[in-house]
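# Summary of structural features
Chain by chain, the residues:
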Amino acid sequence: MKSIQQRLFISLLIGLPLLWLITSSFIAWRLWHEINEMNDTQITQVVRYLMGISANDDEQSDRDNNNETEHNGKPVAKIYNLKSKALSGDLGDAEDDYMGFAIWDKEGNLLAADENGQSFSFCPISAVL
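Anyway, here's the lowdown on the structure attached to this text. (Residues numbered from 1 in each chain as written. Predicted model: local features only at pLDDT ≥ 70, side-chain atom pairs only at ≥ 80, totals over all residues. Heavy atoms only, no water.)

Scanning the protein from terminus to terminus reveals 3 helices and 5 strands. Buried positions account for 16% of the 129 residues belonging to the protein. Nonlocal contacts in the protein, meaning residues at least 24 apart in sequence, comprise 55% of its contacts between residues at least 6 apart. If you sum the accessible surface of the protein, you get close to 10300 Å²; carbon and sulfur atoms cover 60% of it. (Helix = DSSP H or I, 4+ residues; strand = E, 2+ residues; numbered from the N terminus. Buried < 20%, exposed > 50% of the residue type's maximum accessible area, 1.4 Å probe, protein only. Contact = heavy atoms within 4.5 Å. Areas by Shrake-Rupley, 256 points an atom, 1.4 Å probe, with all protein chains shown as cover.)

See the structure below:
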């Protein structure tokens, strides 16, 4: 007959690693799910940007012909509205409220952005390195 101490030790020796394995597996599964959801959101966002930009090609060529691309010697930023009916659709679990894009030139002038990207600040590459 085994003592209580031995039974407790064997139970803990088997139970704790098993509990750790189950907990780690669950956390890994949730992390994988969140990463996939974030990737889906980014892919959806890029597609919406491309659709929005291609839909605005005609408007942009008209503006270029009218020389409205510069104001006081600086390029005018193109702000894309990607929440239009043509670009909206079933996004599933994707959420683009916290993501955006912004493109600047070397001097820090905003060239293109979406609604969320308008508030991004310019950070030159030399400051990052």
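All told, the structure shown has 1 salt bridge when counted by the stated rule. When the shortest N-O distance is used, the salt bridge between Arg30 and Glu34 registers 3.1 Å. Taken together, the residues span about one helical turn, with Arg30 and Glu34 both in helix α1 (residues 4–55) at a distance of 4 residues. Residue Arg30 is classed as partly exposed on the basis of its relative accessible area, which comes to 32%. With a relative accessible area of 38%, Glu34 lands in the partly exposed category. (Salt bridge = Lys/Arg side-chain N within 4 Å of Asp/Glu carboxyl O.)

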